[in-house]
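Here is what each chain is made of, one letter per residue.
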Amino acid sequence: MKLKTLAILCSTTVLGNMAFVGSSMAATEVNFWYSGGTKPQQMMIKMMDEFNNSQDEYVIKGALQGNYQETFQKLQAGMASRTAPEVVLLDSTQAESMAGRKLVRDLRTFMDDDFNFNDFLSAFRQQVTYPNGTVYGLPAYGTTQIFYYNKQVLADNGFTENDLKTWQGVAKVSQAVTQKDAKGNTTYYGWEPMWGRHNLMDAALSNGAKFISYDGKTVLIDSPEWVEVWDSFRQWIHEDKIMRIHHGGQGWEYWYKTIDDVVKNRALGYTGSSGDQGDLDFTQLAATTQPGWGDHAAAPQAGAQIFVMPTGTDEAAAKGAFEFMEFYTSAENTARWSMFTGYIPVRESVKNVADYQSYTKANPQALIPLLQAATASKDFLDPTNGKISDALAIAADQVQIENIPAEKALKQAAKKAQRALDRANRS
């Protein structure tokens, strides 16, 4: 990477997709698609600007998408029309789906001797590495969903954080703090799980649930461990009305409505991303790890948001994409990202960054995601290229929104998922 130098700009001519300014070639454009909340957006823009200003070979052209799912859907169309970007930020299941279809580059071809891949946290490094050594992505930042709650309201009702150590305890606390009007309508909720399959999956894993059998042949998402957990949430939301979810809307609208309920004192707490920390006031709120289920220890998932480089893009721009990824994931920058957004840093050497050491000492809530990630389950890597995850997403909507019994919803999901798994095992 060349250092940026001052040059006198003369008349410009264009040849192919490369522009020449005087006697100097202009920087190669690198297209990058990403999404995220307010704080991640701000820091991502800052990172792109700093990278662009640090050298004169490449210019990162960022394009903000509505959310991770919209990014993935648009990417499918881009791959088909050969308009995909050189680099894109996906969640772990989406990245695995792309890699499984051989639609992303093997990043080993870009790693020189100075690139210390082993410095990435082991759990995240393993998540992007196949047994044959292929590295299909680079962890951008770690994420796991944790608990946020109003510490004064909890104390005023005679509870402590220890009462939130199991989901049964959360339900007991929620029942006690919930407020209803004369007509029975809930005006203050005990807890707000986040819409979608992820919270429900985390709680099921904390009840000993498994996605598929150890031999990889049988889908297990309708087992008693799943049904018990999912139907408890259905009851808490629809029958007891001590919990609720926000759903639908544009992009992250449902997410911010959930946060607003806690911030504006309409609910005791919610289950949200480690990345929410940048938007929260910890003089009012506190953070803690997700709970276990009964006698089972907590086992929520923890994974990484992943940079992948789609195949079929310009080779020069692809080199620039990797250089941006390397810049972004340096120890200093992953520390800055974590301090500003709340997401988990991806490198071991972040522990040696003085600013990060000082920050976590002054802001102990920043260590909660790291604490949870140390014992968490890995993100489920779907062997059916997303079909099992899609079936669970449909079942989650049926349970959370439509009040359909979990046994019925999960049996339907398991049938679809089993057919997909059978096809995958035959191929």
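Scroll up to find the structure.
Here the structure is a predicted model, which means the values were calculated and not measured.

A. Representation of the packing of aromatic side chains. By the definition in use, this model includes 31 aromatic pairs. Here the aromatic rings of Phe147 and Trp191 are separated by 4.2 Å at their centres, their planes lie at 40°, and the arrangement is tilted. With Phe147 in strand 7 (residues 138-150) and Trp191 in strand 9 (residues 186-192), this residue pair connects regions lying 44 residues apart in the sequence. Across the pair, exposure class does not vary: Phe147 and Trp191 are buried alike. By the ring-pair criterion, three or more aromatic residues cluster together here, those being Phe32, Tyr34, Phe51, Tyr141, Phe307, Phe324, Phe327, Tyr328, Trp337 and Tyr343. Directly above the ring of Phe340 sits Lys39, whose terminal nitrogen or CZ lies 4.2 Å from the centroid. Against the face of Phe115 rests Arg347, its NZ or CZ located 5.7 Å from the ring centre.

B. Quick look at the pattern of salt bridges. Summed over the entire model, instances satisfying the criterion amount to 13 salt bridges. The salt bridge partner of Glu315 is Arg105, with a shortest N-O separation of 3.3 Å. Separated by 210 residues along the polypeptide, Glu315 in helix 10 (residues 315-328) and Arg105 in the loop between helix 3 (92-100) and helix 4 (122-127) bring together distant segments of the chain. Owing to a relative accessible area of 52%, Glu315 belongs among the exposed residues under this scheme. With its nearest N and O atoms 2.8 Å apart, the salt bridge here joins Asp261 to Arg244. Taken together, the positions of Asp261 in helix 9 (residues 253-263) and Arg244 in the loop between helix 8 (224-239) and helix 9 put the pair 17 residues apart, joining distant regions of the chain. Using a relative accessible area of 24% as the deciding quantity, one classes Arg244 as partly exposed. Three or more residues joined by partner-sharing salt bridges are found here, namely Glu192, Arg244, Asp261 and Arg266.

C. Representation of a positive patch on the surface within the structure. Among the surface-exposed residues, Arg101, Lys387, Lys411, Lys415, Lys416, Arg419, Arg423 and Arg426 lie close enough to one another that they form a single positively charged patch. Residue position: Lys411 is located in helix 15 (residues 406-426).

D. View of helix 10. Its 14 residues give helix 10 an end-to-end C-alpha distance of 20 Å, which sits within 8% of 20 Å, the value for a rise of 1.5 Å per residue. Within the span of helix 10, buried status applies to Ala317, Ala318, Gly320, Ala321, Phe322, Glu323, Phe324, Met325 and Tyr328. For helix 10, the side-chain oxygen to backbone nitrogen distance between the N-cap and Ala316 is 3.2 Å, and the N-cap itself is Asp314.

E. The pairing of strand 7, seen in detail. With 13 of 13 residues buried, strand 7 lies mostly within the body of the structure. Sheet topology places strand 7 next to strand 11 (residues 285-288); four bridges connect them, and they run antiparallel. Counterpart to Asn150 in the pairing with strand 11 is Leu285.

F. Up close: the environment of Gly320. Its location among the elements puts Gly320 in helix 10. Gly320 gets classed as buried once you look at its relative accessible area, which sits at 0%. Along the chain, Gly320 and Leu381 lie 61 residues apart, while their C-alpha atoms are 29 Å from each other. If we skip the residues at most four places from it in the chain, Gly320 touches Val30, Phe51, Tyr58 and Ile60.

Rules used in this analysis
Residues numbered from 1 in each chain as written. Predicted model: local features only at pLDDT ≥ 70, side-chain atom pairs only at ≥ 80, totals over all residues. Heavy atoms only, no water. Phe/Tyr/Trp six-rings, centres within 6.5 Å; stacked < 30°, edge-to-face > 60°. Helix = DSSP H or I, 4+ residues; strand = E, 2+ residues; numbered from the N terminus. Buried < 20%, exposed > 50% of the residue type's maximum accessible area, 1.4 Å probe, protein only. Lys NZ or Arg CZ within 6 Å of the ring centre and 35° of its normal. Salt bridge = Lys/Arg side-chain N within 4 Å of Asp/Glu carboxyl O. Patch = residues over 30% accessible without salt bridge, like charges linked within 9 Å, V, L, I, M, F, W, Y side chains within 5 Å. Areas by Shrake-Rupley, 256 points an atom, 1.4 Å probe, with all protein chains shown as cover. Lys, Arg positive; Asp, Glu negative; His and termini not counted. Charge placed at Lys NZ, Arg CZ, Asp CG, Glu CD. Expected span 1.5 Å × (residues − 1). Polar contact = N/O pair within 3.5 Å; in protein donor to acceptor, adjacent residues only side chain to side chain. Pairing = 2+ DSSP bridges. Contact = heavy atoms within 4.5 Å.

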